[in-house]
Amino acid sequence: MQTVSTLDMLRKTVTSLRQSGETLALVPTMGALHEGHLTLVREAGKLADHVAVSIFVNPTQFGEGEDLDSYPRQLAEDSAMLEAEGVDLLWAPTASVMYPQGFASSISVEGVSSGFCGAARPGHFDGVATVVCKLFNQVRPDIACFGEKDWQQLAVIRTMARDLDLTFPHVSAIHGIATVREADGLAMSSRNRYLTPELREAAGTLPLAMKEAIARIEDGQDITRSLAALEDELLGAGFDTVDYADLADAMSLQPLEQRIERPMRLLVAARIGGTRLIDNMAVGGKLPEARA
Ligand code: PAF
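Computed from a predicted structure; not experimentally measured. (Residues numbered from 1 in each chain as written. Predicted model: local features only at pLDDT ≥ 70, side-chain atom pairs only at ≥ 80, totals over all residues. Heavy atoms only, no water.)

1. With respect to the packing of helix H9 (residues 205–218) against helix H10 (residues 223–237)
Moving on, step 1. At a minimum axis separation of 9 Å, H9 and H10 run at an interaxial angle of 160 degrees. One way to sum up the angle between H9 and H10 is to call them roughly antiparallel. Between H9 and H10 lies a crossing whose hand is right-handed. The segment H9 lies against H10, with Thr-205, Leu-206, Ala-209, Met-210, Glu-212, Ala-213, Arg-216 and Ile-217 engaging Ile-223, Ser-226, Leu-227, Ala-229, Leu-230, Glu-233, Leu-234 and Ala-237.
Moving on, step 2. Of the residues assigned to the contact of H9 with H10, the class counts are 11 nonpolar, 2 polar and 3 charged. (Axes fitted to C-alpha atoms, helices over the stretch in contact; angles between N-to-C directions. Helix = DSSP H or I, 4+ residues; strand = E, 2+ residues; numbered from the N terminus. Parallel < 35°, antiparallel > 145°, perpendicular 65-115°, else oblique. Left-handed = near helix turned anticlockwise from the far one by under 90°. Contact = heavy atoms within 4.5 Å. Nonpolar A, V, L, I, M, F, W, Y, C, P; charged D, E, K, R; others polar.)

Right, here's the structure in full:
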């Protein structure tokens, strides 16, 4: 595996990987890798001849008072994990390579960025969109893989890629990869390591309560009441606050009070012991007509 941290070396390495027309997949990350990231790497390896992973803790997507300083950084450990997975290229730029002095641009994706995490974390998705656009332009991968755990992020990136023609001439496809979960169902996240054993146990309520809410909604029960019961369950289990627990159109992310015939998604963000956890799950099942 080649580890590079300058744009010049990145271009040389990418050119040499692509020498005989071979394809390249990019897996953008902020490091602190876990099995969820490694699953993205393995899926990327099935989709392209070579895999590049980027590790960059992007300051512009963290708000004031968020965990930018304490966000886990473990480049040597991450690098060893990627090497063991057979990754070809590790792109690990410094903040000054990514944001040179005088950097003045920002990408804002209207609509899909505005609710949910966009409302709870103002400016977050502008930071994500800008850095991902830069990563696409820097690495010029054929495809890119992102986790479905960040469902709204995936929607923001897909919208940006379509609107800004990033899918031509490079990044012909953006792949969403299913969330990898712990044994109790908690979605894997670099932030899970902030949890004490007691809080970690309580956090397992999140996927269970979501599944129960989905069962109620699919059974035709009132959506508002089903979501309120989900919030109550989380607060009762030790969560401090629930930023949102909403049903939405899976593609447009428009919040829903009634079921629709298109794919739906339950999206939740809740805080426990100062750690903000997010999760989302598909909602389908019988439509109201079928139940009548
Ligand atoms: O999902 C992440 O880890 C980050 O938001 C990303 C896509 C690498 C951009 O910094």
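Continuing now.
2. Brief notes about the nonpolar core
Moving on, step 1. If you look at the biggest cluster of nonpolar residues, it comprises 45 residues, and the most contacted ones within it are Val-132, Phe-136, Val-139, Phe-146, Met-160 and Ile-174.
Moving on, step 2. Broken down by element, the residue count for this core peaks at 9 residues, all from helix H6 (residues 124–139).
Moving on, step 3. Once you skip the residues sitting within four places of it in the chain, Val-132 turns out to touch Phe-146, Ile-157 and Met-160.
Moving on, step 4. Grouped together as the second largest cluster of nonpolar side chains are 28 residues, Ile-214, Leu-256, Met-264 and Ile-272 included. (Core = buried A, V, L, I, M, F, W, Y, C linked by side-chain atoms within 4.5 Å. Buried < 20%, exposed > 50% of the residue type's maximum accessible area, 1.4 Å probe, protein only.)

3. Comments concerning the sheet that holds strand S8 (residues 264–272)
Moving on, step 1. Strands sit in the order S7-S8-S9 across an open sheet of 3 strands; the sheet is antiparallel. With partners counted over all chains shown, the strands left at the sheet margins are strand S7 (241–249) and strand S9 (275–283), one partner each. The average undirected angle you get between the axes of adjacent strands in this sheet is 10 degrees.
Moving on, step 2. With 8 bridges joining them, S7 and S8 adopt antiparallel strand pairing. By the bridge assignment, Asp-246 is partnered in S8 with Leu-267.
Moving on, step 3. The sheet contacts of H9 involve S7, S8 and S9, and relative to S9 the element is tilted by about 30 degrees. (Pairing = 2+ DSSP bridges.)

4. Observations regarding the pairing of strand S5 (residues 143–147)
Moving on, step 1. Counted residue by residue, S5 has 4 buried out of 5 residues, so it is predominantly covered.
Moving on, step 2. In this sheet, S5 lies alongside strand S2 (residues 24–29) in parallel orientation, the contact comprising 2 bridges. Within the sheet, the bridge partner assigned to Ala-25 lies in S5 and is Ile-143.
Moving on, step 3. Judged from the 5 bridges that link them, S5 and strand S6 (residues 173–177) form a sheet pairing that is parallel. Residue pairing across strands places Ala-144 opposite Ile-174, the latter belonging to S6.

5. Notes on the side chain of Asp-78
Moving on, step 1. By secondary structure assignment, the location of Asp-78 is in helix H3 (residues 75–84).
Moving on, step 2. In this structure the side chain of Asp-78 is engaged in a polar contact, spanning 2.9 Å, whose partner is the backbone nitrogen of Ala-32.
Moving on, step 3. Excluding residues that lie within four positions of it along the chain, Asp-78 makes contacts with Gly-31, Ala-32, Leu-33 and Ile-55. (Polar contact = N/O pair within 3.5 Å; in protein donor to acceptor, adjacent residues only side chain to side chain.)

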